[in-house]
Every structure is written in C-alpha cells, then in structure tokens.
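Spelled out from the first residue to the last, the chains are:
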Amino acid sequence: DKFLSSQRTAFHFQPEKNWMNDPNGPMFYRGYYHFFYQYNPDAAVWGNITWGHSVSTDLIHWHPLNLAMVPDQWYDAEGVWSGSATVLPDGKPIILYTGLSNESVQSQNMAVPEDSFDPLLRKWVKVPQNPMLVPPPGIGYTDFRDPTTAWLESDRLWRIAIGAKEGTTGLALVYKTSDFLDWSLQSNFLHKVAGTGMWECVDFYPVSLTGTNGMDTSKVEVDLLVKHVLKASLYDNKHDYYTVGVYSGDFKTFIPDDPAKDIGLGLRYDYGKFYASKTFYDPAQERRILWGWVNESDSELDDLKKGWASVQTIPRTLILDRHTGSNLLQWPVHELESLRGDKVVFQDKVLDGGALVKVDGASGAQLDIEVSFKYPDVHKLYLPEQKEYECSQGGATLRGVFGPFGLLVFAADNLVEQTAVYFYLTLRPDGKWVTTVCSDQSRSSLATGIDRTVYGTAINKSPTENFLSLRLIVDHSIVETFVQQGIACITSRVYPTIAIDRDAHVFLFNNGSESITMQTLQVWQMSSA
Ligand code: DQQ
C-alpha cells in the first residue's frame, strides 16, 4: 500500500529487494567505486548471507552486479560474513572475509578476482588455501570475525586486525603475513577494553593532524602529525564507537590519547541508528570515506510486506577535527550535491519563544537542508540552574529557556506527524553551558509497531563558534543529521503515514522561552539517484 511503498529511499544505497546489513569491502578500483554488502537474496530478513555487489563512478548513482560471493564451501556454508578489501601495491585487490562453516565455526578466508583486468571485478575466486585463519586458543569458535583492510609496515609485513572477545573483554587480534598465505598471530592485541563484549567490524586507519586529505591505510610510520583511529561495533549495544590515539609497529599496539574516550566509553560515529560501519581510502580524491548500515525501526512483518529491509548512509568523508585533535568530522560526500535542484533560502528570522513557522517551498520527502542559528547570548540574564537534559526524557516537548529549537521535518500540516531535530542548552552547576542535539522520532508516525527512541548527544562546541548549525538529509524514511559541520551525526528512520511526498512539510520551531535568531536556512529539493 501507499504507506509502505512511500518508505523506499530515492538516493540512499539499497538493493532492489530483500535484506541488507553490513557494508563490506569498499574500494576504488580502475575508475569504479565498489560496494559490497551483507545480503540475503531470499527474504527481507537476515539469513543465508551472501555478498551483494554494486559499482559507481560517483558514490551516488549505483549499478547492481551479480552476487560476488555465496556460501558454496564447507568453511562458509552457513554464511559469507563481513570483510574488507585491500588493494596491493601491484594494483590488484584481494578480499578477506569471515566464513561461518557447516559446523558454525568462524574462520578468515581470502578471495581474489578471477580477472583483475575487469574493472567491474565481476567474478571472485575463493583461494584453495582457505580457511586461512581459525580461532586461536582462548578465542571462542563464534567470537572471531570481520577482518580489516590490511596495512603494510616498514618490516615489509602486512597486518590485519580481527574482532574477538575473551570473557566480556572486547579486543582486536593482529595477524601478520608477507604473502597473504602464511600468517602468524601477534602476541599483543591491537587493543582491548574490559566489559565491552564482542567487537564486530573493527576498523583501523590513520588520520592527518595537519591536512584535510585522507590517508592510505598503510601510512603507519611514527609521525607526530598522524593519529590513528580504532573503531569497534559493539555487539552488546549495537553502536559504533571510535577512539583516537597513537599506533606504531614498534609498540605493536594502539594507545588511545584519552582513556576516558576509549571504545564503549567515548565517541560514537553516529548517535542514532548506525552500525557495522567501514571506511576505505579513495586514492582518486585522496579522502577517507565511511559507510554505515542503517537498519529499519519498523516491524519484521512490515519489512516482509514491503519486501526489503535496511539502507546504507550517504557515504561520508571523514577527517580528524584539527581544532581539537580528538574527534572526527563527518560530512556527506560532495557528489551528493549533484542531486540538488530547486532551492529556497530564508535569512535573519527571530524565533520568539513558542514560535512555529512553516517553511514555504520546502515540502517534499527528498530534501537537503542547511540551517544555522545564532548562538544565543546566554549571559544576558540570570537564569535559575538548568537541569541536565537527556534527549530521551521529554524530547522536543520539554520546554526550556534556550531550546528546544530547530526544525520539524516530515511534518503533517496539522502536525499530527512530525520529526523534530533540535538544540537544547543547559547550564551546568560548574557554570558551563552544554549544547545538546536531539532527533525526536516519538511523534514521527501514526503507525504502530515502530521504535520511537529519541536519539541525541551533547556536543563539544568550540567556544569561539558563535553559531549552531544543522544539515539534514531527508529521504522518504531516513533523516541523517550532521551537527556543527560534522562534529556529531544522528541517523534516524521515520515512517510517516500522512506526511509523505508533497504532504511532508518543514517547520522552524522554538519551544524555549527565550528568542532565537535563525541566520540562514537553505532547502534544496533532491533528485532521485
Ligand atoms: N554482521 C555479519 C558479521 C558481523 C555482523 C554477519 C555485524 O560478520 O560481525 O552478517 O553486523
């Protein structure tokens, strides 16, 4: 019916039908971006996992190819699970992936292109030496998966990291090899964190402290101007945590700069629905690009009815924030802007306490929105101490002094459906103002059986920035929010029943008691990819 069919996205990556989960093996090869993904060719639920495969020249328009790998060997009979690609110095790519064997044992395996002159890499051959790596002593048969892209160190050995756990300690093992056939386990872990449980889809890469270009994964020599990022997807809470620190082959281990911001404790790529992500280095545009899996928030029954489940985020360029040196900045790849069409612009509008303003010319289910607000003069009046604010407690209806203020998207004319993305400022007892950003799905749909969690996080706004900004990518059933030029992201799934297509409207709102100045609002209609 209309409600279910309106949910399919127009410019996010999704296969024509059935279930998708983790991004796998992204790479740039002979002029094409390759994207593989965990895929069930038979149903819109997880199971019978293969590798789907698509190619693109711009990361936005995708061309589907045949399945790259299916469970056809004893060691991957129960599933061709997640893995990564490595483009070797001779220019040829390899894939390392996890197989789940006919006895449910996890092992790491290799596949190579049948014809590396084929820029589309249509056929993959699993090498006869498989399985290459089986769970080492002390690691459970089902706790050993998701090999990273390999990196080359100055001792001329390649290394990969693999997620695992010991008891409830999540960790990353390191294996080294000169030829991708003989491997040895390094005695040191790359890293481990007690209490974090199984680490899935570990990712590990260098970032520059000085430039805005991405860095090749093999850039590992000790360099004061390079940091490393370690990411793990925590099976126990289904969030992707990253930590910034130092790595060198001499230490044989990764050391987070700030132990309080270690995996599971500190920063997340995204504070909404986002998991099992993976980056790759794009040599064509010298950038590092992040892909993340965005699951549905509706019921399995609805997924079966609509015949598909899950989308991927718009690929994001990722750099280290040079002002802090301690967090990443994410932004949709610039190629997305090629879909921008008609645009409306509004400037300098004061939103009094309680204001609600419909944005004319901004209706539709495919939008790219950029808005900035003047950071309010929080010192101009004495305020009683503000309580700490949690997005999930009250959402956009909890009225404060400075906030909640922001945007409503997928809003029905009579507001019976609305998704609020907003800021809320609070004064801590120590006199510091805290900026929280939230995405409130609690009133986003009249349908039943939907997860309506309100997502959000406090952001580390630089005191010199006198604005608060949001970019929202709106696409039928997904809203991706980028805060303050990429310092934080929140991805949510929404399923309006009335506020669909031309009946989906945008409003500016301010539910705080103090007025807020909107500086610039730009809304583009987005074409389909
Ligand atoms: N999904 C894959 C695993 C991975 C998990 C199986 C993460 O390889 O650990 O589909 O979502």
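K.L.:
Would you mind going over the domain arrangement of the chain with me for this structure?
P.N.:
It is common to report an interface's size as the accessible area lost on association of the parts. Parsing the chain into structural domains produces domain 1 (20-332) and domain 2 (340-526). Placing the centre of domain 1 and that of domain 2 at their C-alpha centroids yields a distance of 32 Å. The interface of domain 1 with domain 2 comprises 23 residues on the first partner and 23 residues on the second. At 4 residues, the largest contribution of residues to the side of domain 1 that touches domain 2 is made by strand 25 (residues 328-332). For the side of domain 1 that touches domain 2, a count of residues per class yields 9 nonpolar, 8 polar and 6 charged.

K.L.:
Teacher, can you tell me more about the sheet that holds strand 7 (residues 106-113) here?
P.N.:
Within a sheet, neighbouring strands are paired by backbone hydrogen bonds and run either parallel or antiparallel to one another. Judged by pairing direction, the sheet is antiparallel, and its 4 strands sit side by side in the order 5-6-7-8 without closing on themselves. Whereas interior strands pair on both sides, the edge strands pair on one side only; in this sheet they are strand 5 (79-87) and strand 8 (124-126). Between one strand axis and the next, the sheet turns by 30° as a mean value, whatever way the strands run. Alignment of strand 7 against strand 8, held across 3 bridges, turns out to be antiparallel. Bridged to P113 within strand 8 is W124.

K.L.:
Can you help me understand the site of the ligand in this one?
P.N.:
Contacts to the ligand come from N21, D22, Q38, I49, W81, S82, T98, R145, D146, E200, C201 and A276. Going through the elements one at a time, strand 1 (18-29), strand 5 and strand 15 (199-208) are the ones with two or more residues in the shell around the ligand. Along the lines of polarity and charge, the residues of the shell around the ligand split into 4 nonpolar, 4 polar and 4 charged.

K.L.:
What exactly am I supposed to notice about the nonpolar core here?
P.N.:
Generally speaking, nonpolar side chains in soluble globular proteins are found buried as a group. Counting residues in hydrophobic clusters, the biggest one holds 142 residues, and the most contacted among them are A161, L407, V409, L472 and V506. Two domains each provide a minimum of three residues to this core, namely domain 1 (20-332) and domain 2 (340-526).

K.L.:
Sorry if this is basic, but what is going on with the pairing of strand 7 here?
P.N.:
In regular strands, side chains alternate between the two faces of the sheet. A large share of strand 7 lies buried, amounting to 6 of its 8 residues. Linking strand 6 (residues 93-100) back to strand 7 in an antiparallel pair, the connection comprises 5 residues, with S104 at a positive phi of about 60°.

K.L.:
Is there a simple way to think about the sheet that holds strand 29 (residues 405-411) in this case?
P.N.:
With antiparallel pairing, 6 strands are arranged side by side in an open sheet as 27-36-29-30-31-32. Single-partner strands in this sheet number two, and they are strand 27 (356-358) and strand 32 (454-459). Direction aside, neighbouring strands of the sheet carry axes that sit 20° apart on average. As defined by bridge partners, strand 29 adjoins strand 30 (residues 419-427) across 5 bridges and the pair is classed as antiparallel. Across the sheet, residue L407 finds its bridge partner in strand 30, namely V421.

K.L.:
Sorry, what's going on with the environment of T435 here?
P.N.:
Here T435 lies in strand 31 (residues 433-440). Judged by C-beta crowding, with 22 C-beta atoms within 10 Å, T435 ranks as buried. Separated by 32 residues in the primary sequence, T435 and G403 have C-alpha atoms spaced 9.6 Å apart. Leaving out residues up to four positions away in the same chain, T435 has contacts with F423, L425, A458, I459, K461 and L468.

Rules behind the numbers
- Residues numbered from 1 in each chain as written.
- Predicted model: local features only at pLDDT ≥ 70, side-chain atom pairs only at ≥ 80, totals over all residues.
- Domains from an automatic or database assignment.
- Contact = placed C-beta atoms within 7 Å.
- Helix = DSSP H or I, 4+ residues; strand = E, 2+ residues; numbered from the N terminus.
- Nonpolar A, V, L, I, M, F, W, Y, C, P; charged D, E, K, R; others polar.
- Pairing = 2+ DSSP bridges.
- Axes fitted to C-alpha atoms, helices over the stretch in contact; angles between N-to-C directions.
- Near = placed C-beta within 6 Å.
- Core = buried A, V, L, I, M, F, W, Y, C linked by C-beta atoms within 7 Å.
- Buried ≥ 20, exposed ≤ 12 C-beta atoms within 10 Å, placed from the backbone.

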